[in-house]
Every structure is written in structure tokens, then in C-alpha cells.
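This is what each chain is made of:
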Amino acid sequence: MHKPMLRQLMLAVLPLLLMLLPALVQAQDMTVLSVRDADGGQDYSVKLQILLLMTALSLIPGMLMVLTSFTRIVIVLAILRQALGLQQSPPNRVLIGIALMLTLLIMRPVWQDIYQNAFKPYQAEEMTLEQALVRAEQPLRQFMLAQTRENELHQVLLIAKEPTTMAAADVPLDVLIPAFVLSELTTAFQIGFMLFLPFLIIDMVVASVLMSMGMMMLSPLIISLPFKLMIFVLADGWSMVAGTLAATFGASP
């Protein structure tokens, strides 16, 4: 009997509290979110900045995939594992860790530019949050434009119903990002094809030898796997792949 009465009492009091909350906040001069004018733009209250920061943190994984070199690297590493004939080694977590470390190294000039010219002035209160975001967009835009193919950019402009004669500097960011991702996928598959060819030749040679010996019931993958691993290790394959991936972005291998 007491629990239903308590529940009804809470349901009756809760709407009253919600109605009185704005008045209490105004009486205590507690501004939840506010935007104030500043020199050359607008500035945001600390609470609003924290809200924007928490929102940005939740979007970091998606931003990592669509704004950096991570997509190309992780796809190439996955194709390389498949070409070697290894199903679960290295594990997915290891491949993602390698891709993440290479991404941090390749994107290091971009991070340094953002830190020096956007974050530090904002931290020193030399520019507003809006100005800092606009400044931080510039190095990312330059990086993505350098890696975006004309065909993909033209196609995305057609989908977005934007003029195809638009200058690169005038391309909106919401158009540039999908064009960049499509270009990264194309480049990753091209690199993966070049990596796959040597291992495919080894599989074909082993299969031909086994057929000539009459061992048709033996899987060529079982015999070719040790040879592929040996050749890959002797050729210092991991260093070559990392250096090649860095070189495709214009970084020094």
C-alpha cells in the first residue's frame, strides 16, 4: 500500500519541480548555456564548451576514420594479412594498433599545425572557440585535398548538386570528406593489389609443383604459407609496408 502511494506522490511532485527549476536557476543567476559577443566573433560559456567537448569526444572514432590516414592504412594491413594466408594473426586489435600509431606519425605535421596555430592561441585567449575551429580546419582541409582524387571529388560534387567547376579552396567540408574517404578506399585497394601479386605467384608455383608430383589432395596453402612467411620476413616486409604507406602520403619513409 505504501509503495503505490509513494509512487503517486513522486509523480505529482516531479512536474512541479520541473516547472520551478527555471525560476530557481534565474534566481540564483546560474546560466546553463550562453553565447556572448567577443572581438571578431562569438565566445561560448564554459558549460557550453564542456558540452561541445564531450560531444566531440564521442565523435573521435568516426572522425579518425574519415579525416585521417587511418582508413587507407588499416585496409592495406588487412589485405596484407589475407595475402599471407593468415586468418587471425596478427589479430584485429594489433592491426588497429599499428594503423593508429602510423596514423599519428603521418598526421604529425597536421597535429602540430593545429596545436600551434589553433589550440595554443585559444588557450591563451587570443581567439574565440569559433575562430580556433576555423583555423584548425585549414591544415585538415589541405591534407584531405592533397589525397583526394579528381574523379571522386567530381562525383561527390554531382551527388551534392554543387558546381563541378568549383575551386578546391571553395569546396564545402561536407563534400570534401566523402570524396576523401572514397579516394582513400581506391588507393588502399590499389596498394593491396600490388601487395597481393607476389604471394599469389608463390601460391601458383606451389600448386603447380604439387600437381606435377601428383599430390593433388594436399592443399597448396599449407605448403606455401611457410614460404610466404619466410620471404616476407627476409625482405623486412613490415618495415617496407610501413615505409610505402608513409610515402603514399608524402611523408618520408
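Relevant structure appears above.
Bear in mind that the values here come from a model prediction, so they are computed numbers and not experimental data.

### Details of the side chain of Ser69
Relative to the helices and strands, Ser69 is located in the loop between α2 (46–67) and α3 (70–84). Judged by relative accessible area, Ser69 falls into the buried class, the value being 0%. Discounting chain neighbours no more than four positions away, the residues touching Ser69 are Thr103, Ile106, Met107, Phe143, Glu184 and Phe249.

### Some points on the environment of Ile202
As for its placement among the helices and strands, Ile202 is situated in helix α8 (residues 173–212). Residue classification places Ile202 among the buried residues on the basis of a relative accessible area of 16%. Spatially, the C-alpha atoms of Ile202 and Ile231 are 10.0 Å apart, while their sequence positions differ by 29 residues. Ignoring sequence-local partners within four residues, the contact set of Ile202 consists of Ser224, Lys228 and Ile231.

### Regarding helix α9 (residues 220–234)
Here α9 contains 15 residues, and its C-alpha end-to-end distance of 21 Å stays within 8% of the 21 Å for a straight helix at 1.5 Å per residue. Buried within α9 are the following residues: Ser224, Lys228 and Phe232. On the buried face of α9, the contacting elements are α3, α8 and α10 (237–248). Downstream of α9 by a residue or two, Asp236 has a phi angle that is positive, lying close to 55 degrees.

### Comments concerning the packing of aromatic side chains
Under the criterion given, the structure shown has 4 aromatic pairs. A ring pair is formed by Phe143 and Phe249, whose centres lie 6.0 Å apart and whose planes are at 15 degrees; its orientation type is stacked. In this pair, Phe143 sits in helix α6 (residues 129–147) while Phe249 sits in the segment after α10, placing the two residues 106 residues apart along the sequence. For Phe143, a relative accessible area of 10% gives the class buried.

### Considering α3
Look at α3: 21 Å from first C-alpha to last across 15 residues, which is about the 21 Å you get at 1.5 Å a residue. Within α3, 12 of the 15 residues are buried, leaving the element largely enclosed by the surrounding structure. Within α3, the full set of buried residues consists of Phe70, Thr71, Arg72, Ile73, Ile75, Val76, Leu77, Ile79, Leu80, Arg81, Ala83 and Leu84. Of the residues flanking the end of α3, it is Gly85, one or two places downstream, whose phi is positive at about 85 degrees.

The rules behind the values
Residues numbered from 1 in each chain as written. Predicted model: local features only at pLDDT ≥ 70, side-chain atom pairs only at ≥ 80, totals over all residues. Heavy atoms only, no water. Helix = DSSP H or I, 4+ residues; strand = E, 2+ residues; numbered from the N terminus. Buried < 20%, exposed > 50% of the residue type's maximum accessible area, 1.4 Å probe, protein only. Contact = heavy atoms within 4.5 Å. Expected span 1.5 Å × (residues − 1). Phe/Tyr/Trp six-rings, centres within 6.5 Å; stacked < 30°, edge-to-face > 60°.

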